[in-house]
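Residues per chain, in single letters:
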Amino acid sequence: MIFDKVVPLKLFYDFPEFSFPAEEQYVERQLVVSEDIQSVGYDAAHRTLEIKFQTIGVYQYPGVSLNVYHSLMEAPSTSECFKSLIKHRYLCRKVG
């Protein structure tokens with residue numbers, strides 16, 4: 001496949017409206033019943049979602065709205081909701 005023009009990849013610093021909490025600062029999380037996810041927390045001041053996965057560690061997702069967080073917490077399947085609303089839609093970083 002040949003493309004007519006190259007579009008530069010947007011990096012984290014291209015989105016100044018998003019900010020992560022300090023690396024040593026974790027978000028208070030609540031346990032959830034899920035195959036893939038152990039606990040979920042939300043930092044409203046930074047609009048950051050924090051998820052501890054069962055096997056791969058803790059990740060933070062900046063720019064997540066409070067509505068998305070509530071949808072995740074109220075979903076019948078936390079894993080399926082994560083896959084449809086958050087995964088591949090938000091930047092993330094591993095913090096633990």
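Below you will find a few notes about this structure.

To continue, consider the overall build of the protein. From N to C terminus, the protein includes two helices and five strands. Here the protein holds 96 residues, and 36% of them are scored as buried. For the protein, restricting intrachain contacts to residue pairs at least 6 apart in sequence, the fraction spanning at least 24 positions comes to 46%.

Turning to helix H2 (residues 78–85), a few remarks are in order. It helps to recall that an α-helix has 3.6 residues per turn; residues three or four apart then point in one direction. For H2, the set of buried residues is Thr78, Ser79, Cys81 and Phe82. The arc enclosing the buried residues of H2, seen along the axis, measures out at 165°, which places them on a common side. The inward-facing, buried residues of H2 abut strand E2 (37–43), strand E3 (48–53), strand E4 (57–62) and helix H1 (66–74).

Bringing the pairing of E4 into the picture now. Counting buried residues along E4, six of its six residues qualify, which places the element largely inside the surrounding structure. Counting the residues in the hairpin turn of E3 and E4 gives three residues. Pairing geometry for E4 and strand E5 (residues 93–94), over two bridges, is antiparallel. Counterpart to tyrosine 59 in the pairing with E5 is lysine 94.

Moving on, we get to the packing of aromatic side chains. The geometry of an aromatic ring pair is captured by two quantities: the separation of the ring centres and the angle between the planes. The final tally for this structure, using the stated rule, is four aromatic pairs. Look at phenylalanine 53 and tyrosine 59: their rings are 5.8 Å apart centre to centre, the planes differ by 75°, and that puts the pair in the edge-to-face class. No difference in accessibility class separates phenylalanine 53 from tyrosine 59, as the two residues are buried. When the centroid spacing of 5.3 Å and the interplanar angle of 70° are considered together, the rings of phenylalanine 53 and phenylalanine 82 count as edge-to-face. A residue pair is termed long-range when its members are at least 10 positions apart, and phenylalanine 53 in strand E3 and phenylalanine 82 in helix H2 qualify at 29 residues. Judged by relative accessible area, which is 8%, phenylalanine 53 ranks as buried. By relative accessible area, which is 7% here, phenylalanine 82 ends up buried. Put simply, the rings of Phe53, Tyr59, Tyr61 and Phe82 pair up and form one aromatic cluster.

We now examine the packing of H1 against H2. Running from N to C, H1 and H2 point in directions that differ by 150°, and their axes come no closer than 8 Å. Here H1 is positioned roughly antiparallel relative to H2, judged by the angle of their axes. The segment H1 lies against H2, with Val68, Ser71 and Leu72 engaging Thr78, Cys81, Phe82 and Leu85. When the residues that make up the contact of H1 with H2 are grouped by side-chain class, the tally is five nonpolar, two polar and no charged.

Scoring rules and cut-offs
- The numbers attached to residues start from 1 for each chain and follow its sequence in the written order.
- Where local features are concerned, this predicted model is filtered to residues with pLDDT of at least 70; where side-chain atom pairs are given and counted, the filter is 80 or more; whole-chain, interface and lining totals use all residues.
- Hydrogens are left out, water is left out, and the side-chain values use all remaining heavy atoms of the structure.
- A run of H or I in DSSP counts as a helix once it spans at least four residues, and a run of E counts as a strand once it spans at least two, with each numbered from the N terminus.
- Each residue gets one of three labels from its accessible area relative to the maximum for its type: buried under 20%, exposed over 50%, partly exposed in between, using a 1.4 Å probe on protein chains only.
- The criterion used for residue contact is that any of the two residues' heavy atoms lie within 4.5 Å.
- Summarising the geometry, the arc corresponds to the directions from the helix axis toward the C-beta atoms.
- A pair of strands counts as paired when DSSP detects no fewer than two bridges linking them.
- Pairing of aromatic rings covers Phe, Tyr and Trp, the last through its six-membered ring, and needs centres within 6.5 Å; plane angles under 30 degrees mean stacked, over 60 mean edge-to-face, and all others mean tilted.
- Axis definition: a line fitted to C-alpha atoms, limited for helices to the stretch in contact. Angles are taken between N-to-C directions and run from 0 to 180 degrees.
- These descriptions rest on fixed angle ranges, namely under 35 degrees for roughly parallel, over 145 for roughly antiparallel, 65 to 115 for roughly perpendicular, and the rest for oblique.
- Classes in brief: Ala, Val, Leu, Ile, Met, Phe, Trp, Tyr, Cys and Pro nonpolar; Asp, Glu, Lys and Arg charged; the others, Gly included, polar.

Everything listed here is a matter of coordinates, which is why it stays silent on function.
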